[in-house]
Amino acid sequence: EAQVTQNPRYLITVTGKKLTVTCSQNMNHEYMSWYRQDPGLGLRQIYYSMNVEVTDKGDVPEGYKVSRKEKRNFPLILESPSPNQTSLYFCASSPRQETNTGELFFGEGSRLTVL
Amino acid sequence: GDSVTQMEGPVTLSEEAFLTINCTYTATGYPSLFWYVQYPGEGLQLLLKATKADDKGSNKGFEATYRKETTSFHLEKGSVQVSDSAVYFCALSDGYSTLTFGKGTMLLVSP
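Residues numbered from 1 in each chain as written. Chains lettered and ligands numbered in written order. Predicted model: local features only at pLDDT ≥ 70, side-chain atom pairs only at ≥ 80, totals over all residues. Heavy atoms only, no water.

Draft legend 1. Quick peek at the interface of chain A and chain B. Counting residues at the interface gives 23 residues for chain A, matched by 22 residues for chain B. With both chains or domains summed, chain A and chain B bury close to 1,700 Å², and 52% of this area falls on carbon and sulfur atoms. In this assembly, chain A and chain B are joined by zero salt bridges. Scanning the region where chain A abuts chain B turns up four residue pairs in polar contact (both at pLDDT 80 or more). Those elements giving two or more residues to the side of chain A that touches chain B turn out to be β4 (31-38) and β5 (42-51) of chain A. Counting residues per element, the side of chain A that touches chain B draws most heavily on β5 of chain A, which supplies five residues. Among the residues making up the side of chain A that touches chain B, the classes are represented as nine nonpolar, ten polar and four charged. (Contact = heavy atoms within 4.5 Å. Buried area = accessible area lost by both parts, 1.4 Å probe. Salt bridge = Lys/Arg side-chain N within 4 Å of Asp/Glu carboxyl O. Polar contact = N/O pair within 3.5 Å; in protein donor to acceptor, adjacent residues only side chain to side chain. Helix = DSSP H or I, 4+ residues; strand = E, 2+ residues; numbered from the N terminus. Nonpolar A, V, L, I, M, F, W, Y, C, P; charged D, E, K, R; others polar.)

See the structure below:
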């Protein structure tokens, strides 16, 4: 089944404890991206990757890192999480590098709470 | 920069009522426009899209027309069902690297 898989789905952690949210897609997609969803703010892009080894900042990259060593994986790293990073995170992928075709395939989301 | 503005929700309707969710955008160039839907506990799914002015996107009884003159892409459905209850997001593409989403509009449909 074609899908985008995120792990963990739920996580409660404490300030400063490094964590990684993994994202994997099995559709051989070129483009991958991370979004965070917050009440009243909608979805905001954190980072995106047009291809392997190519990543770039989105609208809210502060406090996050990403890497794209393989086509299928695009982990999101919080080196020193803070409470303002409490959010619902979505990974998404697209078959083309350009986004004008618009079809992003989303994972089910990872709900992160930082105490 | 690019932006998308949606009507605030929640929108509450009775089953079989007519639905309109307004969406307007600001963008340079000629963006592509999209509606995504998010059911409770799930990720977003593409509902419909339009890639140029006057295009109409449609899917599952939902429709939206790309109006360049009014920079709008309003979502409509003639007769909503309880199963349509979800959050709806309007979005635009810069044609390169980014989809910009609106804040979302929650739709609640009662029997």
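Continuing now.
Draft legend 2. Geometry of the sheet that holds strand β8 (residues 76-78) of chain A. Residues and elements named next belong to chain A. Strand order in the open sheet formed by four strands is β1-β3-β8-β7, and the pairing between neighbours is antiparallel. Among the strands making up the open sheet, the edge pair consists of β1 (4-7) and β7 (65-66). With three bridges joining them, strand β3 (residues 19-25) and β8 adopt antiparallel strand pairing. Bridged to Thr20 within β8 is Ile77. (Pairing = 2+ DSSP bridges.)

Draft legend 3. Representation of empty space enclosed by the protein in the model. All names here are of chain A. Tallying each qualifying case throughout the model produces one cavity of 30 Å³ or more. Here the largest cavity is characterised by a volume of approximately 30 Å³. Forming the walls of the largest cavity are Pro8, Arg9, Tyr10, Leu11, Val21, Ser110, Arg111 and Leu112. Contributing elements (two or more residues each) for the lining of the largest cavity: β2 (10-13) and β11 (110-114). (1 Å grid on protein atoms, 1.4 Å probe; cavity = no way out; pocket = protein on both sides within 12 Å on 5 of 7 lines; lining within 4 Å. Points joined across faces, edges and corners; volume = space filled by probe spheres on them.)

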